[in-house]
Amino acid sequence: MRTAGAFAGAVVVVAALAATARAATEAVLRPQADVAGAWITFGDVAELRGDAPDGLAALQIARAPMAGAERNLTADEVAAALARQGGADGVRISRETPFCRVTGRPRLVPGTDLVAFGRAYLEGRTGRPGAQVRIEEPAPPRAVPVPEGEPELRAEAPSRRLLGLVPVAVEVWAGDRRLARIMLSYRVHVSAPVARAARDI
């Protein structure tokens, strides 16, 4: 025969389970997502509802497709990947959307980043003790797409002359592939303090 104490205990357990269910994070897959990086993250493919733990959206689910390519990630695949990353506790993957279509788009290196990199390169080569260097920047070029991999910037000045109009070649690399070589022209002004002539010669 069930006693009043046992019934009260069952009520407490049910209430605790209900509170836990309410506190859990629900993840609903987005119908589609565009991804520019090398990895698809949980936040890319899912809308998080509830109290999401810190870092949950940044968990890596799968490799991103190449630029222009697509892949479908089902709710089961996302749940399995999340479990492998150790982020499945307290997260419920909704089957409201059966899969997310992920499209890879190229990562872009903005033209302003290319100009800033070339300027920093010149500043490192034109610095002189006691001299003031002023560099006029060119207009930013178009952004450079990086299909995959982490972009790396390199620069060189073909001319030894570092005054006046100075051309700088800024290159964008991904691994061992050079993706672009852009010539930028900076106008460099260097002013040094005028030395005072000795009074007695």
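Keep in mind that what you see is a predicted model, and the values were worked out from it rather than measured. (Residues numbered from 1 in each chain as written. Predicted model: local features only at pLDDT ≥ 70, side-chain atom pairs only at ≥ 80, totals over all residues. Heavy atoms only, no water.)

(A) Quick peek at the sheet that holds strand 2 (residues 32-35). Taking strand neighbours across the sheet as the criterion, the 3 strands line up as 2-8-6 in an open arrangement whose pairing is mixed. Two strands in the sheet have a free side with no partner beyond their single neighbour: strand 2 and strand 6 (70-74). Direction aside, the axes of adjacent strands within the sheet are offset by 25 degrees on average. When strand 6 meets strand 8 (residues 99-104), the two strands line up antiparallel, connected through 5 bridges. Directly across from asparagine 72, in strand 8, lies its bridge partner arginine 101. (Pairing = 2+ DSSP bridges. Helix = DSSP H or I, 4+ residues; strand = E, 2+ residues; numbered from the N terminus. Axes fitted to C-alpha atoms, helices over the stretch in contact; angles between N-to-C directions.)

(B) Structural detail: the packing of aromatic side chains. Applying the stated criterion to the full structure yields 0 aromatic pairs. The ring of tryptophan 39 carries the charged tip of arginine 63 above its face, separated from the ring centre by 5.1 Å. Above the face of the tryptophan 173 ring, arginine 154 is positioned so that its terminal group lies 4.0 Å from the ring centre. (Phe/Tyr/Trp six-rings, centres within 6.5 Å; stacked < 30°, edge-to-face > 60°. Lys NZ or Arg CZ within 6 Å of the ring centre and 35° of its normal.)

(C) How the structure looks around the pattern of salt bridges. Using the criterion set out here, one finds 11 salt bridges in the structure. The closest approach of N and O atoms between arginine 95 and aspartate 76, which form a salt bridge, is 2.3 Å. Placement of the pair is arginine 95 in the loop between strand 7 (91-93) and strand 8 and aspartate 76 in helix 3 (residues 75-84), with a sequence separation of 19 residues. Judged by relative accessible area, which is 47%, arginine 95 ranks as partly exposed. On the accessibility criterion, aspartate 76 (52% relative accessible area) is exposed. Here glutamate 136 ties to arginine 134 by a salt bridge, and the two come within 3.4 Å at their closest N and O atoms. Exposure remark for arginine 134: the relative accessible area of 47% places this residue in the partly exposed category. Taken together, the salt bridges that share partners define one network made up of Glu156, Glu171, Arg178 and Arg181. (Salt bridge = Lys/Arg side-chain N within 4 Å of Asp/Glu carboxyl O. Buried < 20%, exposed > 50% of the residue type's maximum accessible area, 1.4 Å probe, protein only.)

(D) Structural view of helix 4 (residues 111-126). Taking 1.5 Å per residue, 16 residues should reach 22 Å; helix 4 reaches 23 Å between its end C-alpha atoms and fits that length. Gly111, Leu114, Val115, Gly118, Leu122 and Thr126 are the residues of helix 4 that are buried. Along helix 4, the residues classed as buried sweep out an arc of 95 degrees about the axis, all on the same side. Buried residues in helix 4 make contact with strand 9 (107-109), strand 10 (132-136), strand 11 (144-146), strand 12 (151-156), strand 13 (164-174) and strand 14 (177-191). (Expected span 1.5 Å × (residues − 1). Arc of directions from axis to C-beta. Contact = heavy atoms within 4.5 Å.)

(E) The arrangement of the sheet that holds strand 1 (residues 25-29) in detail. Taken in spatial order, the 3 strands of this open sheet run 4-1-7, and their pairing is mixed. Of all the strands in the sheet, just strand 4 (46-49) and strand 7 have a single pairing partner and so form its edges. Each strand axis lies, on average, 25 degrees off the axis of its neighbour in the sheet, ignoring direction. Of the pairings in the sheet, the one linking strand 1 to strand 7 comprises 3 bridges and is parallel in character. Counterpart to glutamate 26 in the pairing with strand 7 is arginine 92.

(F) Spotlight on the nonpolar core. In terms of nonpolar packing, the biggest core is built from 22 residues, with Phe42 and Val45 touching the most fellow members. The set of elements that each furnish at least two residues to this core consists of strand 1, strand 2, helix 2 (42-45), strand 5 (60-63), helix 3, strand 7 and strand 8. A per-element tally of this core places helix 3 first, with 4 residues. Setting aside residues up to four positions removed in sequence, phenylalanine 42 forms contacts with Ala27, Leu48, Leu56, Ala57, Leu59, Ile61, Val78, Leu82, Val91 and Ile93. Formed by 19 residues, the second largest nonpolar core is a distinct cluster that contains Val109, Leu114, Ala180 and Val188. (Core = buried A, V, L, I, M, F, W, Y, C linked by side-chain atoms within 4.5 Å.)

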